[in-house]
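In case you want the letters, here they are:
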There are 2 protein chains.
Amino acid sequence: SERCKKLLVEFNNKVKKVGTDDPRRVYHSFKVGLALTLVSLLYYNKPLYGGFGSSTMWAVLTVVVVFEFSVGATLSKGINRGLATFAAGSLGLGVHFLVSLTGDIGEPVLLCFSVFLLAAASTFTRFFPGVKARYDYGMVIFILTFSLVAVSAYKTDEILTIAGERLITILIGCVTCAVISIFLFPVWAGKDLHKLMFLNIEQLAVFLDGFGGEYFGPEDNKENENAITVKKSFLDGYKKILTSKNEEEALTNFARWEPPHGSFQFNYPWKHYLAIGKVTRQCAYRVEELHNCITSKINAQSEFVKLIQASCMELSKESGTTLQELSAAVKQMTYPKGVPNHIKNLKRTASNLKTVLKTVTLKNANVLEDVMSGAMVASLLVDIVGCIEDIAE
Amino acid sequence: SERCKKLLVEFNNKVKKVGTDDPRRVYHSFKVGLALTLVSLLYYNKPLYGGFGSSTMWAVLTVVVVFEFSVGATLSKGINRGLATFAAGSLGLGVHFLVSLTGDIGEPVLLCFSVFLLAAASTFTRFFPGVKARYDYGMVIFILTFSLVAVSAYKTDEILTIAGERLITILIGCVTCAVISIFLFPVWAGKDLHKLMFLNIEQLAVFLDGFGGEYFGPEDNKENENAITVKKSFLDGYKKILTSKNEEEALTNFARWEPPHGSFQFNYPWKHYLAIGKVTRQCAYRVEELHNCITSKINAQSEFVKLIQASCMELSKESGTTLQELSAAVKQMTYPKGVPNHIKNLKRTASNLKTVLKTVTLKNANVLEDVMSGAMVASLLVDIVGCIEDIAE
């Protein structure tokens, strides 16, 4: 009982964590429940829907499989499902009609053969990168529907009625999902993508802003364990940018399916986000390099370090500010007015640093290069990000 | 017609490319076709299977949805599907029995409510990271089956027979998929993961091997466009390592579901591959940094460069050789005998380079630091990879 209690408490904490990390998850769960319940009513309410009988099953199936977390994902799956069902159903009926002309003996053989051929061909199509990215689910449903129609066609002659009923229930399922996901606490993939973008840039800004102090500052004397942990977390925030590529691509893909919402108009250039994501990631690789320098800082008190300290700290600070401003610009989707000025500053500071480097003798190479190259690259990247910003807005 | 022809040729080329990139895709397509055809026979062969009637549909559905490219993915989905169907079916029947005690009026309300509750709870569970990674599909099927049983239970009294038939057909579908995917040109996720690992290490090796010559060598004089393109491709080979994390995780996940095969025994430590993947990626970030140096090489003829050139080239070459050997060791799953020696060499060369750096005056900082830090990190990583190798074998 003691152990049971402990497990329960643990489970409870886990549930709370998953829920508070993103409260939309809770809403989503209820939305799925609601959609399923509504569709189940098809079964009970004969007068209202005209009684689809066992075809209701397809509506339930559709809702369970199609309802995804974001609006874009739901619509993408719903549209894929609807179109694929229609196309495969028509094709299946056509094949069935043609085959039925050949007489009883040839029929099953030909039908099986057509299923084999179509399944193999469609499965192969799924390996095409373009199809895989957008229509993968549609192809699965295409194979499924075709096989079902071709196979069941052999038995029932009322196939047309059944096919029609199924198509309608599937459409009802899709529409239910679409309506609920759009109008009830919608989760827009586009919005998430937008948020991911400016948060990522902000993470870089936070790192660069704090980097100078961390690198050139005094040693940590274990005096304040708490403060160190906080510091650690702000220094590690950028890490997930390194591997966020797949997430960005998935969100972009979904965002394309979404109707206009909020400040995202029709034909919003989602592609630009991928471009921004790419340069952000390039920048994150440099930051990763800088982060490595922190852990291996040596000779922090050498003369050379003192010489470059001022410029480096300014550069790092200024990079941070610029990125922060860019992040805000992306957030509010405005043109980043202050950025060109900042970039000018950055370039000046960087060239100052370079002249300092040229006149100095080498005592400790470790420090100088990393900081400079990193900061320089950052300033360079700020340029690029700035340019892309202009295009995006 | 001209245009049509052109499109056809283009399509043809695309098909060829997808097919030749990985011929297993063609086999996979035929395997899916075969599995579907076999399952369709359930419909036609009444004497053989005892005639499942419309329940055959479930076998078709299962095959289409469960059959994935690799054995691990297929088994994972199949087992998830089988277990979830059984669990949800039992639960559904139980709920139905309990609810039927309440009488006619309360029944639909209670059933709908139970569907709502279970769907919401299960959907929420899907957000748990552990569940999402391994049992996501199982949860979907759980919701689906429960809803179907709860809803259809209201109508038919022969529910037990139907449920049994469906379970059996689904199991037939799962077994068909499993048998075909395991015994007919199997595609092992574990093998793919293993291959990805040593190929990734090899890419790093190829880059480091060529880096010295590229960086310190003479300028490209456009004399040989072809050679440059070839060079470019070998220098860019490592790029995809930067974002291969998701692929590695997915493959590891699938590999866990696979039965022992080839040289991969039961309980093979797949986790170690994730660890190797992580250090490989760390190394790739450094290589990315080195790659940036190539594009911005300046003052290649300065005195300073001449001073460090020899050590750097040796370091880069030696790193390449060591990684090549490690890659071979991972490939053959043997202990990398020569590596400790190589690492000793690397360390010696690195410390040589450091002493050179200490005695020299600074003319061009750009070159030195990147190369050295990169090569040093590489040597460090070789250590780590070496250690992990020991564990894995």
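Residues numbered from 1 in each chain as written. Chains lettered and ligands numbered in written order. Predicted model: local features only at pLDDT ≥ 70, side-chain atom pairs only at ≥ 80, totals over all residues. Heavy atoms only, no water.

## Notes on the overall build of chain A
Test applied: Only DSSP runs of H or I with at least four residues qualify as helices, and only runs of E with at least two residues qualify as strands; both kinds are numbered from the N terminus onward. Only protein chains enter the area calculation, which uses a 1.4 Å probe; residues under 20% of their type maximum are buried, those over 50% are exposed, and those in between are partly exposed. Contacts are assigned to residue pairs that have any heavy atoms within 4.5 Å of one another. Each accessible area is a Shrake-Rupley estimate made with a 1.4 Å probe; only the visible protein chains count as cover when residues are assessed.
For chain A, the count of helices and strands is 15 helices and zero strands. By the burial criterion, 51% of the 393 residues in chain A qualify as buried. Taking as baseline every contact in chain A between residues at least 6 positions apart, the subset at least 24 positions apart corresponds to 81%. For chain A, the exposed surface amounts to about 18,800 Å²; the carbon and sulfur share of it is 62%.

## Brief notes about the pattern of salt bridges
We apply this condition: The rule for a salt bridge is simple: a side-chain nitrogen of Lys or Arg has to be within 4 Å of a carboxyl oxygen of Asp or Glu.
Using the criterion set out here, one finds 12 salt bridges over all chains in the structure. A salt bridge links Arg24(A) to Asp192(A); the nearest nitrogen and oxygen atoms lie 3.0 Å apart. With Arg24(A) in helix H2 (residues 24-44) and Asp192(A) in helix H9 (residues 189-216), the pair connects residues that are 168 residues apart, well separated along the chain. In this structure, the salt-bridge partner of Glu68(B) is Lys77(B), at a minimum N-O distance of 3.2 Å. One continuous salt-bridge network, built from bridges that share partners, spans Asp22(A), Arg24(A) and Asp192(A).

## Quick notes on the confidence of the model for chain A
Residue and element names in this part refer to chain A. The condition that has to hold: pLDDT gives the predictor's per-residue confidence on a scale running from 0 to 100.
Chain-level pLDDT for chain A is 74 on average; 70% of the residues reach the 70-or-more range. Overall, residues 361-374 carries pLDDT values under 50, and its contacts beyond four positions in sequence, including any with other chains, amount to 48 contacts. Interface confidence for the predicted complex, expressed as ipTM, amounts to 0.80; the pTM equals 0.81.

## Thoughts on a nonpolar patch on the surface
Counted only if it meets this: Each patch is assembled from residues with relative accessible area greater than 30% and no salt bridge, linking like charges that lie within 9 Å and nonpolar side chains (Val, Leu, Ile, Met, Phe, Trp, Tyr) that lie within 5 Å.
A cluster of nonpolar side chains, contributed by Tyr27(A), Leu34(A), Leu38(A), Leu184(A) and Phe185(A), occupies part of the molecular surface with about 430 Å² of accessible area. On the accessibility criterion, Leu38(A) (39% relative accessible area) is partly exposed.

## Quick look at the side chain of Ser244(A)
Relative to the assigned elements, Ser244(A) resides in the loop between helix H10 (225-236) and helix H11 (245-255). Every residue in contact with Ser244(A), bar those within four places of it in the chain, is listed here: Asn200(A) and Arg281(A).

## Thoughts on unusual backbone geometry
With a phi close to 45°, Phe185(A) is a non-glycine residue in the positive phi region. For Phe185(A), the position within the fold is in the loop between helix H8 (159-183) and H9.

## Let's talk about the nonpolar core
This is how it is decided: Note on terminology: a nonpolar core comprises buried Ala, Val, Leu, Ile, Met, Phe, Trp, Tyr and Cys residues joined through side-chain atoms within 4.5 Å.
Counting 72 residues, the largest nonpolar core has Leu36(A), Trp58(A), Leu36(B) and Trp58(B) as the members making the most contacts within it. Apart from residues lying up to four places away in sequence, Leu36(A) is in contact with Val60(A), Val63(A), Val64(A), Val115(B), Ala119(B), Ile143(B) and Ser147(B). The next biggest cluster of nonpolar side chains, apart from the first, holds 58 residues, and it includes Phe264(A), Phe211(B), Leu242(B) and Ala284(B).

## Let's talk about helix H8 (residues 159-183) of chain B
Every α-helix winds through 3.6 residues per turn, so residues three or four apart in the chain are directed the same way. Residues and elements named next belong to chain B. Which entries qualify depends on this criterion: Helix span, as expected, comes to 1.5 Å for every residue beyond the first.
For H8, built from 25 residues, the straight-helix expectation of 36 Å at 1.5 Å per residue is met to within 8% by its first-to-last C-alpha distance of 36 Å. Within H8 the residues assigned to the buried category are Ile 159, Thr 169, Ile 170, Gly 173, Cys 174, Thr 176, Cys 177, Ala 178, Ile 180 and Ser 181. Once H8 ends, the next one or two residues include Phe 185, with phi positive near 45°.

## A short note on the state of the cysteines
This is how it is decided: Two cysteine sulfurs form a disulfide in these notes if their separation is within 2.5 Å.
Evaluated as defined, the whole model comprises zero disulfides over all chains. Not engaged in a disulfide, the cysteine Cys177(B) finds its nearest cysteine sulfur in Cys174(B); these two sulfurs lie 6.7 Å apart.

## Examining the packing of aromatic side chains
All names here are of chain B. Note the threshold: In summary, the pairing rule links any two rings of Phe, Tyr or Trp, Trp by its six-membered ring, whose centres are within 6.5 Å, and it sorts them by plane angle into stacked for under 30 degrees, edge-to-face for over 60 and tilted for everything else.
All chains considered together, the criterion is met by 12 aromatic pairs over all chains. Here Tyr 135 and Trp 257 contribute two aromatic rings whose centre-to-centre distance is 6.4 Å and whose plane-to-plane angle is 85°, an arrangement assigned as edge-to-face. Pair noted here: Tyr 135 is in helix H7 (residues 129-152) and Trp 257 is in the loop between helix H11 (245-255) and helix H12 (270-295), with a separation of 122 residues, a long-range link. With a relative accessible area of 39%, Tyr 135 lands in the partly exposed category.

## A few points about the packing of helix H4 (residues 56-66) of chain A against helix H4 (residues 56-66) of chain B
For the record, the criterion: Where helices are involved, their axes are fitted lines through C-alpha atoms of the stretch in contact, as for all axes, and angles between N-to-C directions lie from 0 to 180°. In this scheme, roughly parallel covers angles under 35 degrees and roughly antiparallel covers those over 145, while 65 to 115 is roughly perpendicular and the rest are oblique. By definition, any crossing whose near helix is turned counterclockwise from its far helix by less than a right angle is left-handed, and any crossing with a clockwise turn is right-handed. Classification convention: Asp, Glu, Lys, Arg as charged; Ala, Val, Leu, Ile, Met, Phe, Trp, Tyr, Cys, Pro as nonpolar; all other residues, Gly among them, as polar.
Look at H4(A) against H4(B): their axes get within 15 Å of each other, and the N-to-C directions meet at 20°. The angle between H4(A) and H4(B) places the two elements in the roughly parallel class. Pair H4(A) / H4(B) crosses with right-handed handedness. Along the contact surface, H4(A) presents Met57(A), Trp58(A) and Leu61(A), while H4(B) presents Met57(B), Trp58(B) and Leu61(B). Taken together, the residues of the contact of H4(A) with H4(B) break down into six nonpolar, no polar and no charged.

## A word on the environment of Leu184(B)
Residues and elements named next belong to chain B. When you line up the elements, Leu 184 lands in the loop between H8 and helix H9 (189-216). For Leu 184, a relative accessible area of 34% gives the class partly exposed. Placed 152 residues apart in sequence, Leu 184 and Val 32 show a C-alpha to C-alpha distance of 11 Å. With residues up to four places along the chain from it excluded, the contact list for Leu 184 reads Lys 31, Leu 34 and Val 179.

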